[in-house]
Amino acid sequence: VTFSPDGKWVASGSYSGRAAIWGIAGDPILAFKANPKNLSAVTFSPDGKLLATAGLGDDIQIWSLPSGEKVTTLSGHKIAVWPLIFIDSGKQLLSRDYGGTIFVWDTQTWDQVRAIQPAAPKVRGLCLSPHEEILALSLEGAVQLWEFANWQLIAELPISTKAINGMAFSPDAKTLAIGAADKKIRLWDIR
């Protein structure tokens, strides 16, 4: 689930591949089949006029709001796509697939403008800092911090468990919180 930028709508994705938009009071706004199976990513563009969806399968779907009409399909990933993040004030869309490949898409032309294949095996997740300067990649037993603009490795943080379940940067991007399967939350000072 995710909130729209103005906080008036909530988008949800389901295992059946259905996407739905709800009013904040729970009133249904829109529902449609977005993916043939498991929908694992839904995100609004910064202006709230688009919804990007993805899940099991290779494609990302872009939908116009509030009509729910499909704008385009972005192809090129393999297996499953998660997460989707609008960046650069909505001018680009960042996506990652289960194999670890990261794509950056131009949201005016919907062309792929960048493909990044991290050398690290088994990229499990990613998190972008609030100012879009640092990209954190969760691996098995470590988190790598990359300078996003130049794709240079800044640091590798050792984590004493293989399964990292989630990451979040603080609003000032000075601290990274990492949640793992060992029931611990780790806070790293990354200044």
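This text follows the structure it describes.
Residues numbered from 1 in each chain as written. Predicted model: local features only at pLDDT ≥ 70, side-chain atom pairs only at ≥ 80, totals over all residues. Heavy atoms only, no water.

This brings us to the sheet that holds strand β6 (residues 50-55). The four strands are arranged β5-β6-β7-β8 in an open sheet whose pairing can be described as antiparallel. Of all the strands in the sheet, the pair left with one neighbour each is β5 (39-44) and β8 (70-74). Pairs of neighbouring strands in the sheet enclose a mean axial angle of 20°, with direction left out of account. Note: β6 against strand β7 (residues 60-64), five bridges, orientation antiparallel. Within β7, the residue paired with Leu51 across the bridge is Trp63. (Pairing = 2+ DSSP bridges. Helix = DSSP H or I, 4+ residues; strand = E, 2+ residues; numbered from the N terminus. Axes fitted to C-alpha atoms, helices over the stretch in contact; angles between N-to-C directions.)

On to the packing of aromatic side chains, then. In this structure the tally under the stated criterion is three aromatic pairs. Arranged with centres 4.4 Å apart and planes meeting at 45°, the rings of Phe32 and Trp63 form a pair that is tilted. On the criterion of sequence distance, the pair formed by Phe32 in strand β4 (residues 28-33) and Trp63 in strand β7 is long-range, its members being 31 residues apart. Assigned by exposure class, Phe32 and Trp63 land together as buried. Between Phe103 and Trp105, the ring centres sit 5.6 Å apart and the planes meet at 90°, which makes this aromatic pair edge-to-face. In this structure Trp105 comes out as buried when scored by relative accessible area, which is 3%. Stacked on the ring of Phe148, the Lys or Arg Arg114 has its end atom at 5.0 Å from the ring centre. (Phe/Tyr/Trp six-rings, centres within 6.5 Å; stacked < 30°, edge-to-face > 60°. Buried < 20%, exposed > 50% of the residue type's maximum accessible area, 1.4 Å probe, protein only. Lys NZ or Arg CZ within 6 Å of the ring centre and 35° of its normal.)

If you trace the three strands from one edge of the open sheet to the other, you get β17-β18-β19, paired in antiparallel fashion. The sheet is open, and its two borders are formed by β17 (164-169) and β19 (185-189), each paired with just one other strand. Strand-to-strand twist of the sheet, defined as the mean angle between neighbouring strand axes without regard to direction, takes the value 20°. Looking at chain direction, strand β18 (residues 175-180) and β19 are connected through five bridges and run antiparallel. Bridging across to β19, Ile178 finds its partner in Arg186.

All right, on to the environment of Lys37 then. Assignment of secondary structure puts Lys37 in the loop between β4 and β5. C-alpha separation for the pair Lys37 and Leu84, spaced 47 residues apart in sequence, amounts to 17 Å. Ignoring any residue separated from it by four or fewer positions in sequence, one finds Lys37 in contact with Tyr15, Ser16, Gly17 and Leu56. (Contact = heavy atoms within 4.5 Å.)

Turning our eyes to something else, we now look at the side chain of Ser45. Here Ser45 is to be found in the loop between β5 and β6. Note on Ser45: relative accessible area 4%, which makes it buried. When residues no more than four places from it in sequence are discounted, the contact partners of Ser45 are Pro5, Leu50 and Phe86.

What follows deals with the pattern of salt bridges. Enumeration according to the criterion identifies one salt bridge in this entry. Measuring nitrogen to oxygen at the nearest pair gives 2.6 Å for the salt bridge that ties Asp182 to Arg186. Here Arg186 falls in the buried class, since its relative accessible area comes to 14%. (Salt bridge = Lys/Arg side-chain N within 4 Å of Asp/Glu carboxyl O.)

Here the bond from Leu65 into Pro66 is cis, since omega is 10°, no more than 30 degrees from zero. Structurally, Pro66 is set in the loop between β7 and β8. Cis geometry marks the peptide bond from Trp82 to Pro83, where omega comes out at 0°. Assignment of secondary structure puts Pro83 in strand β9 (residues 81-87).

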